[in-house]
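Notes for the structure review
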Amino acid sequence: SADQSVKVWDVTTQGCYHTFTHHSDKVQAIEWHPTQAWMLATGSFDRTVAFVDCRASAAPVKVPVAADMEAMCWDPFDENRIFCTLENGVVTCIDIRNTSAPLFSFQAHDETSPSLSFSHKVPGMLATCSLDKTVKVWDTLGAVPKCVAYKSMSVGKLFSVQYYTDDPFLLAAGGDQ
């Protein structure tokens, strides 16, 4: 929330199960871990990504990032890696086995990158979009991610990108035009 909190709700009772207040600025992104149901990743404009154990009252583990958070997604082929897009166009990868610093970062776009998506059929195939009006496709399997394709989508500034789960090469993008 913009009030710096993260609320976990029980939809069966329609009640708030727990409120986390570990961020000091607006919370922009949240992602449940794909296999560890108790782990929640949260990203904030306080320039941190936090990993919360929702079973315990222990303080979340925080990892600093270089700019305000835009979006996050877990790598579907490596459950230890989460990718984050930042307002400065950088993509940062964090490995939850070593949270002392991000695993790597790269300049994906020259402007804000508000969304990213992995293909669920092709390992390492990541798409990012940007206010620079382009979608870029990245190979993230090597030590340094490589841009393998880019395209202007002719729909203005891009705010969202998503792979279709049943077709590894079908991608949707949404913009302001």
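An account of the accompanying structure is given in this report.

Cut-offs applied
- Residues numbered from 1 in each chain as written.
- Predicted model: local features only at pLDDT ≥ 70, side-chain atom pairs only at ≥ 80, totals over all residues.
- Heavy atoms only, no water.
- Helix = DSSP H or I, 4+ residues; strand = E, 2+ residues; numbered from the N terminus.
- Rg over C-alpha atoms; globule rule 2.2 N^0.38 Å.
- Buried < 20%, exposed > 50% of the residue type's maximum accessible area, 1.4 Å probe, protein only.
- Contact = heavy atoms within 4.5 Å.
- Areas by Shrake-Rupley, 256 points an atom, 1.4 Å probe, with all protein chains shown as cover.
- Phe/Tyr/Trp six-rings, centres within 6.5 Å; stacked < 30°, edge-to-face > 60°.
- Pairing = 2+ DSSP bridges.
- Axes fitted to C-alpha atoms, helices over the stretch in contact; angles between N-to-C directions.
- Polar contact = N/O pair within 3.5 Å; in protein donor to acceptor, adjacent residues only side chain to side chain.
- Disulfide = S-S within 2.5 Å.

**Some words on the overall build of the chain**
When helices and strands are tallied, the chain shows 0 helices and 16 strands. Against the 2.2 N^0.38 benchmark of 16 Å for 177 residues, the chain shows a C-alpha radius of gyration of 16 Å, consistent with a compact globule. Seen along its three principal axes, the alpha-carbon backbone of the chain occupies a region of about 45 × 35 × 35 Å. Looking at the 177 residues of the chain, the share that counts as buried comes to 45%. Taking contacts inside the chain between residues at least 6 apart in sequence as the whole, the part at least 24 apart equals 35%. With an accessible surface of roughly 9000 Å², the chain has 52% of that area assigned to carbon and sulfur atoms.

**A word on the packing of aromatic side chains**
Per the stated rule, a full pass over the model turns up 5 aromatic pairs. A ring pair is formed by F106 and W138, whose centres lie 4.7 Å apart and whose planes are at 55 degrees; its orientation type is tilted. With F106 in strand 10 (residues 104-107) and W138 in strand 13 (residues 134-139), this pair connects stretches of sequence that are 32 residues apart. For W138, a relative accessible area of 7% corresponds to the buried category. The structure contains a cluster of three or more aromatic residues connected by ring pairs, namely F83, F104, F106, F118 and W138.

**Digging into the sheet that holds strand 3 (residues 27-32)**
Strands pair in a sheet through their backbones, by hydrogen bonds, and they do so in one of two ways: parallel or antiparallel. With antiparallel pairing, 4 strands are arranged side by side in an open sheet as 3-4-5-6. Of all the strands in the sheet, just strand 3 and strand 6 (61-64) have a single pairing partner and so form its edges. Strand-to-strand, the axes of this sheet are offset by a mean angle of 20 degrees, without reference to chain direction.

**A closer look at the pairing of strand 1 (residues 6-10)**
As paired strands, strand 1 and strand 2 (residues 15-20) are joined by 5 bridges and run antiparallel to one another. Paired with V8 across the strands is H18, a residue of strand 2.

**Examining the side chain of D95**
Following the sequence through the fold, D95 ends up in strand 9 (residues 90-95). Within polar-contact distance, the side chain of D95 engages the side chain of R97 at 2.6 Å. Those residues in contact with D95 that lie beyond four places of it in its chain are N80, R81 and L103.

**Section: the state of the cysteines**
Following the criterion strictly, the structure yields 0 disulfides and no others. The thiol of C16 is unpaired, and the distance to the nearest cysteine sulfur, on C54, comes to 11 Å. Classification of C16 by relative accessible area gives partly exposed; the value is 36%. C93 supplies the cysteine sulfur nearest to C84, a cysteine that is in no disulfide, at a spacing of 8.1 Å. Judged by relative accessible area, which is 0%, C84 ranks as buried.

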